[in-house]
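# Analysis of the macromolecular model
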Amino acid sequence: MQLARVIGNLVSTVKNEALEGRKFLIVQTLNADLSPKGKPLVALDSVGAGVGELVFWCRGKEASFPFKRDSTPTDCTIIGIVDSEKHVFNGE
Amino acid sequence: MQLARVIGNLVSTVKNEALEGRKFLIVQTLNADLSPKGKPLVALDSVGAGVGELVFWCRGKEASFPFKRDSTPTDCTIIGIVDSEKHVFNGE
Amino acid sequence: MQLARVIGNLVSTVKNEALEGRKFLIVQTLNADLSPKGKPLVALDSVGAGVGELVFWCRGKEASFPFKRDSTPTDCTIIGIVDSEKHVFNGE
Amino acid sequence: MQLARVIGNLVSTVKNEALEGRKFLIVQTLNADLSPKGKPLVALDSVGAGVGELVFWCRGKEASFPFKRDSTPTDCTIIGIVDSEKHVFNGE
Amino acid sequence: MQLARVIGNLVSTVKNEALEGRKFLIVQTLNADLSPKGKPLVALDSVGAGVGELVFWCRGKEASFPFKRDSTPTDCTIIGIVDSEKHVFNGE
């Protein structure tokens, strides 16, 4: 799973029907020092995250496990919110 | 899922039979500032997107969910059209 | 799926038995201007492609759909030949 | 699978229910000379690894095999601890 | 699949039980000119490869096809040995 910051929402009216009613968030994957790295992704939210929160997301087929697994096309799902940014890297 | 701009079509006569009658589009994945990033991909379209539109696509096995899942070899499917480019990054 | 140029063959005598009789090709993934990008890959061929042709390939589990799906270990399969290089990017 | 060093823990109270009771570790993927490469990842632990240890992890759907496979959303699971760092590259 | 050179072994006593008795090799993925590219990976061997040989490996769920597919967590399996390095790129 990858650490990311929620940086925005995405509104889509025309979309695959299995995605009706799902909340989309834009997430930015992060480096070890919590700086941005790489391009932002469109994620489905399974835990109630909001803009500004530090989360971790799962990719691939496993990303559809929190939903109706056989019909939801998602490869990026937020599966947890990190409690405290200070706890993330305790070895540094 | 990843944000992308549709930048072209692709015509293929000789192809896997499970792809007969499908529409192929060329998509360019985008950065946070909606500038191009990385190489363009060949995508299947499941929502009726056209050249110039801002879309998001799904990769991996999940990309075949909108189609006959067990026979369509696709790893890049457009699953939604973004309503407004201004709504994408509301945190910036 | 990704655009690529077929740039060579690969001969392998010692290989997984599910790959017996399959044709291997070396493909080079391409940029928007059809210049090479990234490292070449070993692909299985499902459409009869040859050296020099512009093709598109599929990765992941979906890549095994054109074959005996539950026993062929492949993550890169050529699934189509592009008709004309001029048709690829019509927006430029 | 990829070589990585365990560099920290991650605490998450709000998470997908299939992840209840699982231990999260932050891992840093490594180069051939065991220097860090790329961004750190959030991994599930299946072998009892701790901070500082050299491990290897598996990604994709296979990463959920050590757990209840059909309900655990993970794409990064630690599946082994390397015995000795000296044994890793014996060709150099 | 990707071309790689076997560059070492890996010994792991503490590992997922589905990996008991499997041989691990360290492989280095290669460029078109057979120079190293990217970080080395830990691979399972299904064909009897050894250090120094030119091989190709498969990633993702397909990588577990040569083994007990539903219980072996692997995302990198060597599935063939290349006969001759001279035959790889015949277009150059």
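Everything below is about the structure shown above.
Residues numbered from 1 in each chain as written. Chains lettered and ligands numbered in written order. Predicted model: local features only at pLDDT ≥ 70, side-chain atom pairs only at ≥ 80, totals over all residues. Heavy atoms only, no water.

### Observations concerning the interface of chain B and chain A
- With 30 residues of chain B in contact, the opposing surface of chain A contributes 32 residues.
- The junction of chain B with chain A conceals about 2500 Å² of combined surface from both sides, 59% of it contributed by carbon and sulfur atoms.
- In terms of surface lost to chain A, no three residues of chain B exceed M1, E62 and F65 of chain B, which account for 26% of the buried area on that side.
- In this structure, the connection of chain B to chain A is made through 0 salt bridges. (Contact = heavy atoms within 4.5 Å. Buried area = accessible area lost by both parts, 1.4 Å probe. Salt bridge = Lys/Arg side-chain N within 4 Å of Asp/Glu carboxyl O.)

### Remarks on the relation of the copies chain B and chain A
- With an axial shift of 0.0 Å and an RMSD of 0.0 Å, the rotation relating chain B to chain A amounts to 72°. As the rotation angle and translation indicate, the two copies are arranged about a five-fold axis.
- The overlap is low: 10% of the interface residues of chain B also sit at the interface in chain A, so different surfaces are used on the two sides. (Least-squares fit on C-alpha atoms with pLDDT ≥ 70 in both.)

### Thoughts on the nonpolar core
- The biggest cluster of nonpolar side chains holds 17 residues, and the ones touching the most others in it are M1, L3 and F56 of chain D together with L10, F24 and V42 of chain E.
- Broken down by secondary-structure element, the contributors of at least two residues to this core are β4 (54-59) of chain D together with β2 (24-29) and β3 (41-45) of chain E.
- Among the elements that take part in this core, β4 of chain D stands out by supplying 3 residues, more than any other.
- In contact with F24 of chain E, not counting residues within four places along its chain, are M1 and F56 of chain D together with N9, L10, K15, L19, V42, A43 and L44 of chain E. (Core = buried A, V, L, I, M, F, W, Y, C linked by side-chain atoms within 4.5 Å. Buried < 20%, exposed > 50% of the residue type's maximum accessible area, 1.4 Å probe, protein only. Helix = DSSP H or I, 4+ residues; strand = E, 2+ residues; numbered from the N terminus.)

### Points about the pairing of strand β4 (residues 54-59) of chain C
Residues and elements named next belong to chain C.
- Across the 6 residues of β4, 5 count as buried, placing the element largely inside the fold.
- Relative to β4, strand β1 (residues 2-9) runs antiparallel, the two sharing 4 bridges. In the strand pairing of β4, Q2 is matched with W57.
- Judged from the 5 bridges that link them, β4 and strand β5 (residues 76-81) form a sheet pairing that is antiparallel. The partner of C58 across the bridge, within β5, is T77. (Pairing = 2+ DSSP bridges.)

### Focus on the relation of the copies chain D and chain A
- Mapping chain D onto chain A calls for a rotation angle of 72° and an axial translation of 0.0 Å; the resulting RMSD is 0.0 Å.
- When the interface residues of chain D are mapped onto chain A, a mere 9% of them are again interface residues, pointing to distinct binding faces.

### Considering the pairing of β2 of chain E
Residues and elements named next belong to chain E.
- By the criterion of burial, β2 is predominantly enclosed, with 6 of the 6 residues buried.
- Residue alternation in β2 divides its side chains into two sets, F24, I26 and Q28 and L25, V27 and T29, and both sets are buried.
- Two elements, β2 and β3, share 4 bridges in a ladder whose sense is antiparallel. Directly across from V27, in β3, lies its bridge partner L41.

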